[in-house]
Structure formats: structure tokens, C-alpha cells
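Results of the structural survey
Single-letter residue listing:
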Amino acid sequence: MEYFWVSMTSFFLCSAAIFFVKPLAVKAGLVDLPTKRKQHNGAVPLVGGVAIYIAILLSSIIFIESSLTFNFYLISSGFLLLMGVLDDRFDLSVKVRLLVQIGIACLMIFGAGFYLDNLGNIFGYGNVHLGYFGIFVTIVAIIGAINAFNMIDGIDGLAGVLSLIAFFSLAGLFAVVNSNWYILPVLFVAATLAFLMFNLRWPFRLVNKIFMGDAGSMLIGFTIVCLLVIGTDRSVQAIKPVTALYLIAIPLMDMVAIMYRRIKKGSSPFKADREHLHHIFERAGYSRKRALVYISLSALVIALLGCIMQFLYVPEWIMFIIFILIFLAYNYALMHVWKLLSWLRRNK
């Protein structure tokens, strides 16, 4: 019953927030207009992230016990949301976004006093202790996760569904070790489902479409990486550091692979283009819905693989090698996608 009330509260608060915030966003010009890179119909309100945050903030007052770490999470995520809203409205420069993200990462790390200080036994020679170098690693991880989910948010539902997979996994992993941190991912699951109902216009076609916006995708990425770092802490021990790679595999691999390709071409790694995984599916002739299904299923399989290996106590160095092999296969497939498709069509 606790799961039910937690979920229902977050779901209905997010739905109500969408109805309340949407007309305000239209008046303020917080809408996404179609361009050559953004192919959709009409001006779509960018209110998903704001509504999700409102739902989480209000729900947490009821269900989550106040603590220093959680309070700093709410403050940090609030600042990030504000930056995301400004970016949605005024299209901030990459430098401004990165500086703000670094500041927010430092606020969370030094305010709450948590950072990744141990990578586990990923090389097979004992635990890799980072010490204070873990502060730098955590800042990089936070910036990476924020931008990974921001970059993957290219077609309806994709960032939302991928975040559902990560939040479901996190809720389960925290619940197994009886950590109260499971409540936060449960709240996000319910709020994200409410958002997806409007974003995908399912099951009610009468609702008007909304987008998550940079505010929403960055909020989700930030929350997931914070939960991953908290879950690896010695006081919690819900997540092995290497398991975290599996939970955000698709956004992470897509970001790293596309930034590598951009740098190889001599372009800025942050320059927007139409070379993401979902764009490749579209150019290969798949509809956006089929692309959403295939990418989401891939993310689900990888996340389940990581969780199962953790539960079966598979050595961390083996888990790390398997993940690297998955990434190499993923990157090779993207770099040779048209040759692979041509070969598959010839051999049908």
C-alpha cells in the first residue's frame, strides 16, 4: 500500500502541475518551435521537467524524511531546473551550461558531503580507492549524466522511458537493502509516467502534447547519477559502481560515441546534429514509435543484465569487461550501420 500511495500522489501531482503550468509556459514563450533539426507540429510547451519537479517536491514533503543529503539534492536540482528553463527559453551557450552544471555538482558534493570514493574491483586487483580524486570523478560523472540524458531526448518518450528503466532498477536495488532512498526513484517513476501520458498522448489522445525540455532531461540525469553515487556509498551499499554503467548504458554510450565522432570530424563535441541513435533508426526507415520500442528494449535488457550479474555476485572486473565489449560493439555498429543494413537486406 505504501508503494501505491507514493506512486498515486506523485502521478496526480505531476498531472495537475502540467495543467497548471502549461498555459503559463505558453504566455512566457516557453515553447518548442519546429526547425530543420526539430521536426514536430506547432509550438509545444516545454513544461514536463517543471511539472515533474513540482510533483517530486510536494510528494517528498509527505513521504521522505528530511536529511542533509536530500535537502541539498532538492536545492541543487532546483537550481539545475531553473538553468534548464532559462536554456529552454533563451538557448544558453555551452560554456554557461557547463559552468552552472559544475557549480551544481560542487554544491551537491560539498554541501551534502558525498562523492564517489571507490570504483570497486573493476580491474581484478582489489578495490580502486579514489580518495579525494573521487570529487573530480563525481563532478565529471554528474556533468556526463546530465548531458547524456539531455542529448538522448530527441524523439517523443525516449528520455522518459529510458529514465523509467533506470528509476525502476534503482528502486529495486535500494529496496533490496532496505534503504529509504527507494522512495525517490518511485516518485520519479510515477511522475514520469504522468509526463509520458501527455508527451505520447496515450492512452488519452485528447490531451495536448508537451515536451520535457532541457529542464526535464537534465533534472532526470542529475537525479539518476546522484542516486547512483548514494547507492555506492559504504553506508548504503545498494549498487556496485560497475552496475551503474548498465543502468544508464544507452544514454551514456550514445553520448560518448557521438562526441567521439564529432571530435573525429573536427566539430565541437557539443554541436547539435542528427547523428544520434534515434536519428539513425529514422534514416534507416523505422518510425519513431518503432525506434522508441527497440531502443528502450535494448536499454531494458542491458539494465536487467547488470542487475542480475550484481545479484549473482559476478566479479566486478568481469562485469566491467562485458560492458566494455557491449560499448565497443555498439560503437562499431553505429560507425558501420549502413554497411550492416546493406548486408542484412542482401541476406534476407
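In case you missed it, the structure is sitting above this.
Position labels on residues start from 1 in each chain and follow its written sequence. Local features in a predicted model are, by the rule used here, given only for residues with pLDDT of at least 70; side-chain atom pairs are given and counted only at 80 or more, and totals for whole chains, interfaces and linings are based on all residues. Each side-chain value is worked out from all heavy atoms of the structure, with water and hydrogens disregarded.

What follows covers the overall build of the protein. Helix and strand content of the protein: 14 helices and two strands. Whereas a compact globule of 348 residues would reach a radius of gyration of roughly 20 Å, the protein reaches 20 Å, a difference of no more than 12%. Principal-axis analysis of the C-alpha atoms places the extent of the protein at approximately 55 × 55 × 40 Å. Throughout, exposure labels follow a simple rule: accessible area from a 1.4 Å probe, protein chains only, divided by the maximum for the residue type, with under 20% read as buried, over 50% as exposed, and the rest as partly exposed. When each of the 348 residues of the protein is scored for burial, the buried share is 52%. What counts as a helix is a DSSP run of H or I of at least four residues, what counts as a strand is a run of E of at least two, and both are numbered from the N terminus. To get the radius of gyration, use the C-alpha atoms; to get the globule rule, take the number of residues to the power 0.38 and multiply by 2.2 Å.

A cluster of nonpolar side chains, namely Val293, Tyr294, Leu297, Leu300, Leu304, Ile308 and Leu312, defines an oily patch on the protein surface of about 630 Å² accessible area. Tracing the backbone shows Val293 in helix α12 (residues 288-311). Exposure above 30% relative accessible area and no salt bridge define the residues that can form patches, which grow by joining like charges within 9 Å and nonpolar side chains of Val, Leu, Ile, Met, Phe, Trp and Tyr within 5 Å. For accessible areas, the Shrake-Rupley method is used with a probe of radius 1.4 Å. Any residue's cover is judged against the shown protein chains and nothing else. Salt bridge, as used here, is a side-chain nitrogen of Lys or Arg placed within 4 Å of a carboxyl oxygen of Asp or Glu.

Attention now moves to helix α4 (residues 94-112). Between the first and last residue of a helix there are one fewer steps than residues, each counted as 1.5 Å, and that sum is the expected span. Across its 19 residues, α4 extends 27 Å between first and last C-alpha, which sits within 8% of the 27 Å expected from 1.5 Å per residue. All of the buried residues in α4 are Arg97, Gln101, Ile104, Ala105, Met108, Ile109, Gly111 and Ala112. Where α4 is buried, its residues meet α3 (68-90), α5 (133-152) and α8 (213-232). Gly113 lies just past α4 and shows a positive phi near 75 degrees. Here, residues are in contact when the closest pair of their heavy atoms is within 4.5 Å.

If you add up the space inside the second largest pocket, you get close to 630 Å³. Counting residues per element, the ones that place at least two in the lining of the second largest pocket are α5, α8, α9 (241-247), α10 (249-264) and α13 (316-335). In terms of residue count, α5 provides more of the lining of the second largest pocket than any other element does, six residues in total. Note on definitions: the grid is 1 Å and covers protein atoms alone; a cavity is a set of points where a 1.4 Å probe fits but cannot get out; a pocket is an open set with protein on both sides within 12 Å along at least five of seven lines; lining residues have an atom within 4 Å of a point. Grid points are joined across faces, edges and corners, and a volume is the space filled by probe spheres set on the points.

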